[in-house]
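The lines below spell out each chain.
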Amino acid sequence: MTMPETDPMPEANNPDRQRLEALRSQLHTLAHQYYVLDAPTVPDAEYDRLFRELQAIEATHPDWLTPDSPTQRVGGKPLDQFASVRHAVPMLSIRTETDTESSGAQAFDTRVRKELELTDADAPVEYVAELKFDGLAINLRYENGVLVQAATRGDGENGEDVTQNIRTVGQIPLKLATIGFPPVLEVRGEVYMRRDDFEALNERQRARIAAGEKGEKTFVNPRNAAAGAVRQLDPGIAAQRPLSFFAYGVGEVAPQTVGSLFATHMELLQTLKGWGFPVAEEIRVVRGADELVAFHQHIAQTRDQLPFDIDGVVYKVNSLPLQQRLGFVTREPRWAVAHKFPAQEQMTTVVAIDVQVGRTGKLTPVAKLAPVFVGGVTVTNATLHNEDEARRKDVRVGDTVIVRRAGDVIPEVVGVVPPAADQPPRERSAIFTMPRICPVCGSVAVREEGEADYRCTGGLFCNAQCKQAILHFAQRRAVEIEGLGDKLVEQLVDAKIIRTLPDLYRLGFTALAGLDRMAEKSAQNIVDALEKSKQTTLPRFLFGLGIRHVGEATAKELARHFGGLDAIMDASEEALLQVNDVGPIVAKSLRTFFEQAHNREVVEQLRACGIRWEEGAASADSPKPLAGMTFVLTGTLPTLGRDDAKDLIEAAGGKVSGSVSKKTSYVVAGTEAGSKLTKAQELGVAVLDEAALLEMLK
Ligand code: IVH
């Protein structure tokens, strides 16, 4: 056999080919972790980056494309445990516009116009702009108006039968209460978990873990918690996981066709709403690229105020006939695109783990990070919450981690990214252990039974606690000492000029003006602010003392119930338990606080310094017509502001909550009432207007 003179590079040695194989294997693993195990190990943005890199290689070498490439399928395989469901109409994915800048919308509009052969002379295309919910896609099948099956997307062709679990989702109708729906109707949408529901769930999970229940864990984010609940084999457990749903489309519709029932996508959504399905309010019909861009920008600015997570927006051509004309490329419709937002999760490395001391002495492990831009800011610190969390996540110096920053929430370490299989193991420090002495003052740190946190026992001896106790007292929501910020408090405490709250009021102009970098004018301003803060209210003063578990609302209740501070200081646990919202933990905390002579001393000294407030009569016996009732306020009331209405309800013994549930007694609705009103109607909660509320208060 003769060898050819010039041997072309064997494919296996081609670096592009090697990279392609490595990417495929990595993406398969990541997709499995994400879709099947509900346990992603890298942020979505990282997955997207690898995915695009693979797409680019495949685009330059079309002959290497195989049907089993991760780019050629929609998601992961169904779990074995659930019955498999073949979708009557495949559940497609949507193309993602990778450019997070507004030009992504422009690119989509340009493609649509080109495909429809429109010229500049033609009118702008009409689109529906929606939110891209960060949950789990679900197909709900109704036969003659009865929910007969719910299935996950799975790989797009075959999903999992999760009917039992989906039946536990209150927002999903089991039977359609209207008329006019087709005999076979598949509704598609997203199952998700609201952020407040997610926080409450994790709170319960932490309590379970603390109580020693086996196999319990907290969830990384609402998406994971929702996915975990939907794929929970025990529907009893699924029922305890609060899920929500938004409809955004349909699957099989028979015997009529979708096109014969609706002319536009918006009409379809409105009809679904009419049939009893939750449809998000933030949906707009817009025209042309500019209005898509405006929608994208508006949602990007307001996304943190939504009660649930989204990871972008979705644009869809509104006209159904035009959708049909546009059709599909491989498995993605040409008439829809997802336009993402900059990620709220990123990867970075841990350079150190410090321990910070909070106002109540709580020790918090904090990861010091290589600076990373996430959620719109550069982050260098992220909380690890407590020792158990730090150890459970096994975060160590040298690790690559996922950091999450959403809205104004403190950035946190979500988890460690294991090194890829072809990478050498990383240098890692020893596993984190909480120091048993306070890193600031050297006092013993203890962890009480049933508590997750270690606390420094130094009290006001501890500079860290001392500084924060003073800042807490001085804040706007407490007695408000304008201009007394953390830099100044740090200076005063470190120089041993102040130690306790009363010391603040003994600060004279001379002491202040003598500080480094303190102008006379500023010193005088602080003196004036201190004087002004002396006239306060009992709830502000009580909250300012920083008693554990006594927040603003509890302080208000205590003041209202007892009328004066002495009565609160001397109240027994039983007497404290009579107060609205005060349970055994709060009652005990108050008793412990006021039993300590030095705390009473602080109160006496503050009074001696001239702090004063008006005391009222104990209101324990005043009528409480709304006792035991929970209200939710929504929309704009004709005369009462939100806070006024809240104060009135609370004064009458009622509670005000932010979200509607079966436990809500009344929803008070004004003009432009939104989803809370809809939810009240869905749950059959009584709705009042302002006049009716005032009537009840009489
Ligand atoms: S429409 C053919 N609309 O995004 C179009 N999808 O790849 C089908 N998603 O996991 C999808 N919000 O669950 C559509 N308003 C929305 C959506 C949405 C979230 C999810 C969907 C799927 C992925 C699409």
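Structural data are supplied above this passage.
This structure is a prediction, so every number in the text was calculated from the model and none was measured. (Residues numbered from 1 in each chain as written. Predicted model: local features only at pLDDT ≥ 70, side-chain atom pairs only at ≥ 80, totals over all residues. Heavy atoms only, no water.)

Chemist: Just to check I follow, could you spell out the nonpolar core for this structure?
Modeler: The tendency in soluble globular proteins is for nonpolar side chains to be buried side by side. In this structure, L504, Y505, L545, L558 and F594 are the most contacted members of the largest nonpolar core, which totals 53 residues. The contact partners of L504, leaving out residues within four places of it in the chain, are I470, F473, I481, L484, I498 and L530. In this structure, L136, L201, A225 and A227 belong to the second largest nonpolar core, which totals 41 residues. (Core = buried A, V, L, I, M, F, W, Y, C linked by side-chain atoms within 4.5 Å. Buried < 20%, exposed > 50% of the residue type's maximum accessible area, 1.4 Å probe, protein only. Contact = heavy atoms within 4.5 Å.)

Chemist: Is there a simple way to explain the site of the ligand in this structure?
Modeler: Around the ligand lies a shell of 15 residues, among which E130, L131, E190, Y248 and K316 are the nearest. The contact in question runs from an oxygen atom of the ligand to an N or O atom on the backbone of I94, over 3.0 Å. Take L131: an N or O atom from its main chain is 2.9 Å from a nitrogen atom of the ligand. With four residues, strand β3 (residues 126-133) is the single largest residue contributor to the shell around the ligand. (Near = heavy atom within 4 Å. Polar contact = N/O pair within 3.5 Å; in protein donor to acceptor, adjacent residues only side chain to side chain. Helix = DSSP H or I, 4+ residues; strand = E, 2+ residues; numbered from the N terminus.)

Chemist: Would you mind going over unusual backbone geometry with me for this structure?
Modeler: Comment: phi is negative for the bulk of residues other than glycine, and the bulk of peptide bonds are trans. For the bond running from A254 to P255, omega is 0°, close enough to zero to count as cis. With respect to the secondary-structure elements, P255 resides in the loop between β8 (244-254) and α8 (258-261). The backbone of H385 shows a phi angle near 70°, a positive value even though the residue is not glycine. Turning to its location among the elements, H385 is positioned in the loop between β16 (377-383) and α12 (387-392). Given a relative accessible area of 29%, H385 falls into the partly exposed group. Within the chain, D394 stands out as a residue other than glycine whose phi angle is a positive 50°. Looking at the secondary structure, you find D394 in the loop between α12 and β17 (400-404).

Chemist: How should the pairing of strand β4 (residues 136-143) be read in this particular structure?
Modeler: Summarising burial for β4: seven of the eight residues are buried, a large majority. Relative to strand β7 (residues 184-192), β4 runs antiparallel, the two being bridged by eight bridges. Bridge pairing in β7 links N139 to R188. Both β4 and strand β5 (residues 146-152) contribute to a ladder of six bridges, which runs antiparallel. Looking at β5, one finds that I138 is bridged to T152. (Pairing = 2+ DSSP bridges.)

Chemist: How should I be thinking about helix α17 (residues 520-533) in this particular structure?
Modeler: Working note: α-helix, 3.6 residues per turn, so residues spaced by three or four point in the same direction. Helix length check: α17 (14 residues) gives 20 Å between terminal C-alpha atoms against 20 Å at 1.5 Å per residue, within 8%. What α17 keeps buried is the set A523, I526, A529, L530 and S533. All buried residues of α17 lie within an arc of 120° about the axis, which places them on one face of the element. Seen from the buried face of α17, the exposed residues on the opposite side, beyond 90 degrees, are E520, K521 and K532. Buried-residue contacts for α17 involve α14 (486-494), α15 (501-506) and α16 (509-513). (Expected span 1.5 Å × (residues − 1). Arc of directions from axis to C-beta.)

Chemist: So what exactly am I meant to see when it comes to the packing of helix α3 (residues 103-115) against helix α10 (residues 288-302) here?
Modeler: Two quantities define a packed helix pair, namely the angle between the axes and the distance from one axis to the other. Two elements in contact, α3 and α10, have axes separated by 8 Å at closest approach and are oriented at 150°. The orientation of α3 relative to α10 falls into the category roughly antiparallel. The crossing of α3 and α10 is right-handed. Contacts between α3 and α10 involve A105, Q106, F108 and D109 on the former and, on the latter, G288, A289, D290, L292 and V293. Residues that form the contact of α3 with α10 fall into these classes: five nonpolar, two polar and two charged. (Axes fitted to C-alpha atoms, helices over the stretch in contact; angles between N-to-C directions. Parallel < 35°, antiparallel > 145°, perpendicular 65-115°, else oblique. Left-handed = near helix turned anticlockwise from the far one by under 90°. Nonpolar A, V, L, I, M, F, W, Y, C, P; charged D, E, K, R; others polar.)

Chemist: Can you help me understand the packing of aromatic side chains in this one?
Modeler: Aromatic rings in a pair are described by how distant their centres are and how their planes are angled relative to each other. For the coordinates displayed, the defined rule picks out 16 aromatic pairs. Consider the rings of Y47 and F51, whose centres lie 6.0 Å apart with planes at 25°: the pair is stacked. Residue Y47 and its partner F51 are located together in helix α2 (residues 44-60), separated by four residues, close to a single helical turn. Ring centres 6.5 Å apart and planes at 90° place the aromatic pair F181 and W275 in the edge-to-face group. In this pair, F181 sits in the loop between α4 (163-166) and β7 while W275 sits in the loop between α9 (265-274) and β9 (284-287), placing the two residues 94 residues apart along the sequence. Judged by relative accessible area, which is 9%, W275 ranks as buried. Among the aromatic residues, those joined into a cluster by ring pairs are F133, Y192, F246 and F308. Above the ring of W64, the side-chain terminus of R17 is found at 5.1 Å from the ring centroid. (Phe/Tyr/Trp six-rings, centres within 6.5 Å; stacked < 30°, edge-to-face > 60°. Lys NZ or Arg CZ within 6 Å of the ring centre and 35° of its normal.)

Chemist: Whenever I open this one, the pattern of salt bridges confuses me. Can you help?
Modeler: Counting across every chain of the model gives 48 salt bridges. Two residues, R141 and E143, come together in a salt bridge whose shortest N-O distance is 2.9 Å. For R141, a relative accessible area of 15% corresponds to the buried category. Residue E143 is classed as partly exposed on the basis of its relative accessible area, which comes to 33%. Two residues, R208 and E213, come together in a salt bridge whose shortest N-O distance is 3.8 Å. Residue class for E213 comes out partly exposed when judged on its relative accessible area of 40%. Within the structure, one salt-bridge network assembled from shared partners comprises R141, E143, E186, R188 and E252. (Salt bridge = Lys/Arg side-chain N within 4 Å of Asp/Glu carboxyl O.)

Chemist: Whenever I open this one, the sheet that holds strand β24 (residues 686-688) confuses me. Can you help?
Modeler: Sheets are built from strands that pair by backbone hydrogen bonding, the pairs being arranged parallel or antiparallel. Across the sheet, four strands lie side by side as β22-β21-β23-β24; this open sheet has parallel pairing. In this open sheet, the two edge strands, each paired with only one partner strand, are β22 (655-657) and β24. The average undirected angle you get between the axes of adjacent strands in this sheet is 35°. Alignment of strand β21 (residues 630-634) against strand β23 (residues 666-669), held across four bridges, turns out to be parallel. Opposite F631, over in β23, you have Y666 as the bridge partner. Against the sheet, helix α26 (residues 690-697) touches β21, β23 and β24, its axis set at about 95° to β24.

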